[in-house]
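Listed below are the residues making up each chain.
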Amino acid sequence: VSQKKGLILNYRDYLRSPLFPVVLTVSSYFIICIPFLVCDIMGDRWGWVQQFKIQPSRRPTASTLLHCAGVTLYNHVFLVLPASVAQWAWRPPVDLPDLAPSLLELIAGVISNLLLFDFQYYIWHLLHHRIRWLYVTFHAIHHNYSSPFALATQCLGGWELVTVGFWTTLNPVILRCHLLTTWVFMVVHVYVSIEDHCGYDFPWSTSRLIPFGIYGGPSKHDVHHQKPNTNFAPHFSHWDKIFGTHADFKVN
Ligand SMILES: [Zn+2]
Ligand SMILES: [Zn+2]
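Quick caveat, the model's predicted, so the values are computed rather than measured.

Thresholds applied
- Residues numbered from 1 in each chain as written.
- Chains lettered and ligands numbered in written order.
- Predicted model: local features only at pLDDT ≥ 70, side-chain atom pairs only at ≥ 80, totals over all residues.
- Heavy atoms only, no water.
- Helix = DSSP H or I, 4+ residues; strand = E, 2+ residues; numbered from the N terminus.
- Rg over C-alpha atoms; globule rule 2.2 N^0.38 Å.
- Buried < 20%, exposed > 50% of the residue type's maximum accessible area, 1.4 Å probe, protein only.
- Contact = heavy atoms within 4.5 Å.
- Areas by Shrake-Rupley, 256 points an atom, 1.4 Å probe, with all protein chains shown as cover.
- Lys, Arg positive; Asp, Glu negative; His and termini not counted.
- Charge placed at Lys NZ, Arg CZ, Asp CG, Glu CD.
- Salt bridge = Lys/Arg side-chain N within 4 Å of Asp/Glu carboxyl O.
- Donors = N, O, S within 2.8 Å, 3.2 Å for Na, K, Ca; no water.
- Tetrahedral: all angles 85-135°; square planar, octahedral: opposite > 155°, others 65-115°.
- Disulfide = S-S within 2.5 Å.
- UniProt positions renumbered as here; feature names shortened; annotations may be inferred.
- Polar contact = N/O pair within 3.5 Å; in protein donor to acceptor, adjacent residues only side chain to side chain.
- Core = buried A, V, L, I, M, F, W, Y, C linked by side-chain atoms within 4.5 Å.

## Some remarks on the overall build of the protein
- If you tally the helices and strands in the protein, you get 11 helices and zero strands.
- Along the protein, helices (α) and strands (β) appear in the sequence α-α-α-α-α-α-α-α-α-α-α when read from the amino end.
- At 19 Å, the protein has a C-alpha radius of gyration in line with the 18 Å of a compact globule built from 252 residues.
- Considered along the principal axes of its C-alpha atoms, the protein spans approximately 65 × 40 × 35 Å.
- Taking all 252 residues of the protein together, 47% fall into the buried category.
- Residue pairs at least 24 apart in sequence account for 70% of intrachain contacts in the protein once pairs closer than 6 positions are excluded.
- Carbon together with sulfur atoms contributes 70% to the accessible area of the protein, which is approximately 13,600 Å² in total.
- Each charge class in the protein can be summarised by its mean position, and for the 17 positive and 14 negative side chains these summaries are 3 Å apart.

Here you go:
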């Protein structure tokens, strides 16, 4: 009995650790990337997948995949790991709530977080394209590829990764989200960010599941990589429509 109790205590301790959200987001990033990576590698051998490719003639080469894997590894070793150690050392473990949130509360929390992040990143992204110094210094690395693929999602400069990480950590606190809502948001956010870059517009794309063009999704973000002065919002389409930066699907 005591051994069983010990296991349960340990399991709760892992969940309470400030490292848990980091492990959750990093592992979900790589796990979610895998199926898209397999589609890229299989290429024409999987014709039924290639019919959904946004830019059919352009597929990542081994060297572009390796470059992005290298940048991602570098960012994880020199930024994510030190930030995790700092969190682990300085932040106290969180209290696990006794009750789970209601399903409605969870969905509302995830959507609120996505909307808030969408607004913050829209402004950040617009400034990093309009101000030449900001673009060259921080954001240009993400535009190495005009035909994105899953592994390009985190092919980011350090400053961009830190900003994005800061918001996704802080926003659930500002919005007073339940811990479970926060974790679900983090995984959903990783998924939609990868989907934005995956280079495929599958029938189950978020933008196809959410009606009336409310959600931009992969086809809109793909256009941003082809025409970088359009579609600055990462997820929804309203800010681009309001500020006149919206552009529809286009293949060069
Ligand atoms: Zn992008
Ligand atoms: Zn950009």
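## Let's talk about the pattern of salt bridges
- Across all of its chains, the model carries two salt bridges by this definition.
- D201 serves as the salt-bridge partner of R208, at 2.9 Å between the closest nitrogen and oxygen.
- We classify D201 as buried; its relative accessible area is 14%.
- Across the pair K220 and D248 runs a salt bridge, and its minimum N-O distance is 3.6 Å.

## Concerning the coordination of the zinc ion (ligand 2)
- Here the zinc ion (ligand 2) is held by H125 (NE2), H129 (NE2), H139 (NE2), H143 (NE2) and H224 (NE2), and the distances to it run 2.1 to 2.2 Å.
- Mapped onto the sequence, the donors of the zinc ion (ligand 2) take the spacing H-x3-H-x9-H-x3-H-x80-H.
- Separating the zinc ion (ligand 2) and the zinc ion (ligand 1) is a distance of 5.8 Å. Each member of the pair H139 and H143 is classed as buried.

## As for the coordination of the zinc ion (ligand 1)
- The protein atoms that coordinate the zinc ion (ligand 1) are H142 (NE2), H197 (NE2), H221 (NE2) and H225 (NE2), at distances spanning 2.0 to 2.2 Å.
- In this structure, the zinc ion (ligand 1) is surrounded by four donor atoms whose angles at the metal cover 91 to 162 degrees, and the resulting shape is irregular.
- Judged by its relative accessible area of 4%, H142 falls in the buried class.
- Take H225: its relative accessible area is 4%, and that puts it in the buried class.

## Concerning the state of the cysteines
- Taken as a whole and assessed by the stated rule, the structure comprises zero disulfides.
- Cysteine C198 shares no disulfide, and the gap to the nearest cysteine sulfur, in C39, comes to 8.5 Å.

## Some details on the UniProt feature "domain: Fatty acid hydroxylase" (unreviewed entry) in the protein
- The UniProt feature table records "domain: Fatty acid hydroxylase" (unreviewed entry) at residues 113-245.
- Note that residues 113-245 is 61% helix and 0% strand, and that its end C-alpha atoms are spaced 23 Å apart.

## A look at unusual backbone geometry
- At F212, a position not held by glycine, the phi torsion is positive, near 65 degrees.
- Tracing the backbone through its elements, the reader meets F212 in the loop between α9 (206-209) and α10 (217-226).
- Notably, N231 is not glycine yet its phi reads approximately 50 degrees, a positive angle.
- Relative to the helices and strands, N231 is located in the loop between α10 and α11 (238-242).
- Residue N231 is classed as buried on the basis of its relative accessible area, which comes to 3%.

## With respect to the UniProt feature "transmembrane region" (unreviewed entry) in the protein
- This chain's UniProt record puts "transmembrane region" (unreviewed entry) on residues 20-43, 64-90 and 102-124.
- Between the end C-alpha atoms of residues 20-43 there is a gap of 35 Å, over a span that is 96% helix and 0% strand.
- The distance from the first to the last C-alpha atom of residues 102-124 is 33 Å, and the span holds 96% helix and 0% strand.

## Quick look at the side chain of D40
- The residue D40 is located in helix α2 (residues 20-42) in this model.
- At a separation of 2.8 Å, a polar atom in the side chain of D40 contacts the side chain of Y200.
- Every residue in contact with D40, bar those within four places of it in the chain, is listed here: R59, P60, F149 and Y200.

## Overview of the nonpolar core
- Ranked by size, the top nonpolar core spans 20 residues in total, and within it F36, C68, F149, L151, I194 and Y200 carry the most contacts.
- In terms of residues, this core owes the most to one element, α2, which gives five residues.
- Beyond its immediate stretch of four places on either side in the chain, F149 contacts D40, P60, T64, L65, C68, H197 and C198.
- Among the nonpolar cores identified, the runner-up in size contains eight residues, and L106, F185, V192 and F236 belong to it.

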